[in-house]
Amino acid sequence: MDVCAPKDGFVAKLFVHHQQEVKAGAPLLQMDSDLEDRQTERVRIFESIRETRFSRYTGQELDLLRKVAQNAVDLSTEQVNEAKLKFDWEAANMSIGAEHGTDFSLAKSRYVQAQFEQQRAAYQQAQVEFGITRNTQTNALAKELSESHLAFIFQRKDRLNVVAPTDGRVNLLVAEGSVAELKAVAKPRFFNSALESQ
C-alpha cells in the first residue's frame, strides 16, 4: 500500500529504515512544520496583544472609569436639584408679584443649563458602559477565533506525522531532508514511503 505526503514539503524526520517491519499505526516519518510553527507564533503574538489591550479595561482601571462617570452623573443631579429649588423659589416670588425678574431669568437659565449637563453626564456614562460591553464582547470573540485558529493549526500539524496504515514492510522512497509532494503517488521519487504487505 502506498503512503504519500500530507503536503508539499520536506521530510523532517524518518522513524523507520528501508525494508523495516512495522505494525499499523507505527510512525513512519514527520514532514517539516515550519509554516505551522510560524502561524502558531503569529497567533500567540496576536493573543498577547489582545490580552494587553483588554487588560486596560479590567480591574481597577475599569472601576475608576465607572466611578468617574457615576460621580459626574451624581454631581450633575445635585446641581439640577439645587437649580430647581432656586428656580421654584424665584417662580413663587414672581407669582406673588415680587420684582425679581432678573433673578427669575437667571434661575431659569441655570436650571436649564443644569438639566443639559445632567443629560450630558448620563450620555457619557452610557457611552462608557457601551464601550466596556463592546470591548468585552469583541475580546471574547477574538479569543474564540484565536483558539479556533490554534486548534486548526495543531490539527494540521498533527497530520504531518505519517503513520503506517497496515502491518507490513517499509519500502522507503525518500530520505530525511528530501522533498515530498502532496498526493504524488504516481511518481516514485516523491513518495514519502510505500508499504509492501507481507
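Remember, predicted model here, so these are calculated numbers, not experimental data.

Engineer: Please provide a residue-by-residue account of the pairing of strand β4 (residues 27–31), values included.
Structural biologist: Where strand β2 (residues 9–14) and β4 come together, three bridges link them in antiparallel fashion. What sits directly across from Lys13, in β4, is Gln30. Relative to strand β5 (residues 161–163), β4 runs antiparallel, the two being bridged by three bridges. Note that in β5 the partner of Gln30 across the bridge is Asn161.

Engineer: Kindly report on the packing of aromatic side chains, identifying the contributing residues and their values.
Structural biologist: Under the counting rule described, the total for this entry stands at two aromatic pairs. Both rings, one in Phe87 and one in Tyr111, keep their centres 5.4 Å apart while their planes meet at 10°; by these two values the pair is stacked. With a gap of 24 residues between them, Phe87 in helix α2 (residues 59–95) and Tyr111 in helix α3 (residues 101–158) connect regions that are remote in the sequence. Using a relative accessible area of 17% as the deciding quantity, one classes Phe87 as buried. One aromatic cluster is present, built from ring pairs that chain together Phe87, Phe104 and Tyr111.

Engineer: Account for the nonpolar core, naming residues and giving values.
Structural biologist: It is characteristic of soluble globular proteins that their nonpolar side chains tend to be buried jointly. Membership of the largest hydrophobic core comes to 16 residues, with the highest contact counts inside it found for Val11, Val16, Val22, Leu28, Leu29, Met31 and Val170. Among the secondary structure elements, those contributing two or more residues to this core are β4 and β6 (168–172). Looking at this core, the element that brings in the most residues is β4, giving three residues. By size, the runner-up hydrophobic cluster in this structure holds seven residues, among which are Val80, Phe87, Ala107 and Tyr111.

Engineer: Mind laying out the environment of Asn81, listing which residues take part and the relevant values?
Structural biologist: Following the sequence through the fold, Asn81 ends up in helix α2. Judged by its relative accessible area of 45%, Asn81 is partly exposed. Along the sequence, Asn81 and Tyr111 sit 30 residues apart, while their C-alpha atoms lie 8.5 Å from each other.

Engineer: An account of the layout of surface pockets is needed here, citing residue identities and associated values.
Structural biologist: Volume-wise, the largest pocket comes out at about 180 Å³. Lining the largest pocket are Phe46, Ile49, Arg50, Arg53, Phe54, Arg56, Tyr57, Asn135, Thr138, Asn139 and Ala142. Looking at the lining of the largest pocket, the elements that each hand over two or more residues are α1 (34–55) and α3. Per-element tally for the lining of the largest pocket: the top contributor is α1, with five residues. Each residue belonging to the lining of the largest pocket can be placed in one class, and the counts come to five nonpolar, three polar and three charged.

The rules behind these values
- Residues numbered from 1 in each chain as written.
- Predicted model: local features only at pLDDT ≥ 70, side-chain atom pairs only at ≥ 80, totals over all residues.
- Heavy atoms only, no water.
- Pairing = 2+ DSSP bridges.
- Helix = DSSP H or I, 4+ residues; strand = E, 2+ residues; numbered from the N terminus.
- Phe/Tyr/Trp six-rings, centres within 6.5 Å; stacked < 30°, edge-to-face > 60°.
- Buried < 20%, exposed > 50% of the residue type's maximum accessible area, 1.4 Å probe, protein only.
- Core = buried A, V, L, I, M, F, W, Y, C linked by side-chain atoms within 4.5 Å.
- 1 Å grid on protein atoms, 1.4 Å probe; cavity = no way out; pocket = protein on both sides within 12 Å on 5 of 7 lines; lining within 4 Å.
- Points joined across faces, edges and corners; volume = space filled by probe spheres on them.
- Nonpolar A, V, L, I, M, F, W, Y, C, P; charged D, E, K, R; others polar.

Any functional reading would require information that these geometric values do not contain.
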